[in-house]
Structures are given as structure tokens and as C-alpha cells.
Amino acid sequence: MKRWVLTLGIVLTLLGLLMAAITLWLGFTWAPGVNPDDWKAPEAYRILFWHVPAAWASFQAFTLLFIGSGAWFLKRLEWGWKLHVVGAQLGLVFGLCVIISGPIWGAAEWGTPWDLTDVRLNTYAVLTSLSLFLVMAHEGQTDTEDSRDTFASIGLFGFVLVPLTIVSIRIWQNRHPAPVIGGAENSGLDPQILMVMLLGLVAFQILVAGQVMLRYLVGGLEERLSEIQSKLDKRY
Amino acid sequence: MADGTLFLAIAYVAMIGIIGGWTWKLLARVGELSERLTAAEATLNDGAESTEEE
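A brief report on the enclosed structure follows. (Residues numbered from 1 in each chain as written. Chains lettered and ligands numbered in written order. Predicted model: local features only at pLDDT ≥ 70, side-chain atom pairs only at ≥ 80, totals over all residues. Heavy atoms only, no water.)

**Notes on the nonpolar core**
Ranked by size, the top nonpolar core spans 82 residues in total, and within it Phe49(A), Trp50(A), Leu90(A), Phe94(A), Phe204(A) and Tyr12(B) carry the most contacts. Of all the elements in the fold, those that place two or more residues in this core are α1 (3-29), α2 (48-75), α3 (78-109), α4 (119-140), α5 (145-158), α6 (161-171) and α7 (191-235) of chain A together with α1 (5-53) of chain B. Examining the composition of this core, we find that 18 residues originate from one element, α7(A), more than from any other. Here Tyr12(B) is in contact with Leu24(A), Phe28(A), Arg46(A), Ile47(A), Phe49(A) and Trp50(A), once residues within four sequence places are set aside. (Core = buried A, V, L, I, M, F, W, Y, C linked by side-chain atoms within 4.5 Å. Buried < 20%, exposed > 50% of the residue type's maximum accessible area, 1.4 Å probe, protein only. Helix = DSSP H or I, 4+ residues; strand = E, 2+ residues; numbered from the N terminus. Contact = heavy atoms within 4.5 Å.)

In C-alpha cells:
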């Protein structure tokens, strides 16, 4: 086992979790409230301190899925397949965080958890469903070159939904709040709120990096164990 | 709770559960595989030594 990968993976994961916890604490104690006249459920806005970083973390995971799928599909690179698997799993983890917390906020603020006419909500739901499908398919299907090709092609084409999801609230904004970074005039955040959210973004990026290393390590350990077991099977 | 505090609490509990559960599962899997690998390597080496002795 590559000891340094394990150590670094654990350190980054714990650091990411610690920073995410600090973000949450600052978000509840230090970040100011919003104008109660402008919002139906003003306190619920604090969801953004993890909701937005989780969404960015999922985009990071979907990017890994895309790179891994491409590396496998075009060059048959083994690391590409491993990256595809890791990207799908982390995309599902952080995608679920977004897809669960968003509708809960929507139920408080809009009075309804979902709006089928909002493009952002729907493209993101399809993206998370895609990662769910891939994770389930990896578990349930026999690992062959053909099945890898099929899943890699889904990973490649599914990635189209990432830029579509990002630009959807700039082009077809309906229910989902406008972008808070690089959005239209007056769509920005209070500097204190922005600072806490940026801390959350850094925390989740570190968390993803640590978890990618650990998941990659698990893949390597499984492979090594399988090799030794086949040697033992041949011997006895 | 009209200000959304209850909804906020439910959302954060869900997210903490998902991220915490996944991280826990990942770390437990690393530990389990490391133990199994150490045992398997020991068995492989023992077998190799006894073959040499014969």
C-alpha cells in the first residue's frame, strides 16, 4: 500500500470535514441574517453554506467522471476507468446533498419542493440520476470491456448536462435564485456571507480531493487482494 | 418555525448524514481491505517459504 496516499487522503478528508464544520458554525453564528421582508423563510437561506459548495463539489466529481470516461473510451487507460468509478460515486454523494437540501429549502421558501418548469432543477436532477445509474450499474454488471465502454460513453455524453446546468440560471432563470458569483447587478452577497460561503467552497474541494485519494486507494487494494487470491487459488 | 429553522435543520442533518456516512464507509473499507491484504500476503509468503523448504 502506498502509505503516503493513505495518510494524505485521510488528512485531506479530515481537514475538509473540519473546515466544513467551521463553515457551518460561522454560517449560523457569524453570518448576518437576510431582510425578513424579502424572504418567506429568512433563516432557511443559511442552507447555501453547504448547498452551493456541495453543488460545486459534485461538478468537480462529474468533471473527473468525464476525464476518466474519455481516458478509458479513447485510450483504454486503466486509471481512466478508476477515475470514472470514483467520479460517479462522488458525483452521487454530493449530488444527493444538493438534490435533498434544495427541495427542503424550496418547501420552506417557495411553499413547494420542486418546480418542473425550472430548467436548473431538472437538469441537475437528471445529472444526479445519471450518477446513481452508473453507481448501481458498476455494482450490478459484470466488469467487461463492453460494459466499461457503455458506461464510459454515458459518462462522456452526460457531462453535457454540467455546463447546461451552470448556464441555465443565467439563460432561463425561473424559480432557482440567480447566481451569486458573476451574476447580474445586485445579485451579489453580503461580504460576510460570501466569505463564509467561499470557506465552504474551499472545504468541499479539499474534502473531494481527500475522498478521491481514499477511493482510488480502495480500488488499488481491491485489485492487489484479487491478484493475491488468484495466486493462492492456483497454489492450493 | 415560520422562519425556516426546522427546514434548515432537516436539510443539514440529511447532508451531514450523507457525507459522514460515505466518509465512514470509505475509511472502514480501507481498514478492512488493509487487514485482509496483510493476512493474504502473510499466507502467500508462508506458502512460498514452505515450498522452498521442501
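**A word on α5(A)**
Residue and element names in this part refer to chain A. Here α5 spans 20 Å end to end across 14 residues, near enough to the 20 Å set by a 1.5 Å rise per residue. Residues Ser147, Arg148, Asp149, Phe151, Ala152, Ser153, Gly155 and Gly158 constitute the buried set of α5. Of the surrounding elements, those touching the buried residues of α5 are α2, α3, α4 and α6. (Expected span 1.5 Å × (residues − 1).)

**Examining the layout of surface pockets**
Considering only enclosed or pocket space, the largest pocket measures out at about 1,100 Å³ in volume. Taken together, 40 residues form the lining of the largest pocket, with Val52(A), His176(A), Pro177(A), Ala178(A) and Val180(A) sitting closest to its centre. Listing elements by their share of the lining of the largest pocket, those giving two or more residues are α2, α3, α4 and α6 of chain A. Of the residues assigned to the lining of the largest pocket, the class counts are 28 nonpolar, nine polar and three charged. Approximately 830 Å³ is the volume attributed to the second largest pocket. Looking at the second largest pocket, it is lined by 31 residues, and the ones nearest its centre are Val85(A), Gln89(A), Glu139(A), Arg215(A) and Glu222(A). Put simply, the parts of the chain that give the lining of the second largest pocket at least two residues each are α3, α4, α5 and α7 of chain A together with α1 of chain B. (1 Å grid on protein atoms, 1.4 Å probe; cavity = no way out; pocket = protein on both sides within 12 Å on 5 of 7 lines; lining within 4 Å. Points joined across faces, edges and corners; volume = space filled by probe spheres on them. Nonpolar A, V, L, I, M, F, W, Y, C, P; charged D, E, K, R; others polar.)

**Here we look at α1(A)**
Along its 27 residues, α1(A) runs 39 Å from first to last C-alpha, staying within 8% of the 39 Å computed at 1.5 Å per residue. Turning to α1(A), its buried residues are Val5(A), Leu6(A), Gly9(A), Thr13(A), Gly16(A), Met19(A), Ala20(A), Thr23(A), Leu24(A), Leu26(A) and Gly27(A).

**Some details on a nonpolar patch on the surface**
Together, Leu164(A), Ile166(A), Val167(A), Ile171(A) and Trp172(A) make up a nonpolar patch on the protein surface, roughly 420 Å² of accessible area in all. Along the chain, the position of Val167(A) falls in helix α6. (Patch = residues over 30% accessible without salt bridge, like charges linked within 9 Å, V, L, I, M, F, W, Y side chains within 5 Å. Areas by Shrake-Rupley, 256 points an atom, 1.4 Å probe, with all protein chains shown as cover. Salt bridge = Lys/Arg side-chain N within 4 Å of Asp/Glu carboxyl O.)

**Considerations on the packing of α2(A) against α5(A)**
Residues and elements named next belong to chain A. At their nearest, the axes of α2 and α5 sit 8 Å apart, and the two run at 140° to each other. Taken together, α2 and α5 sit at an angle that is classed as oblique. α5 is crossed by α2, and the crossing has left-handed handedness. Across from Leu65, Phe66, Ser69, Gly70, Trp72 and Phe73 in α2, the residues of α5 making contact are Glu145, Arg148, Asp149, Ala152, Ser153, Gly155 and Leu156. For the contact of α2 with α5, a count of residues per class yields six nonpolar, four polar and three charged. (Axes fitted to C-alpha atoms, helices over the stretch in contact; angles between N-to-C directions. Parallel < 35°, antiparallel > 145°, perpendicular 65-115°, else oblique. Left-handed = near helix turned anticlockwise from the far one by under 90°.)

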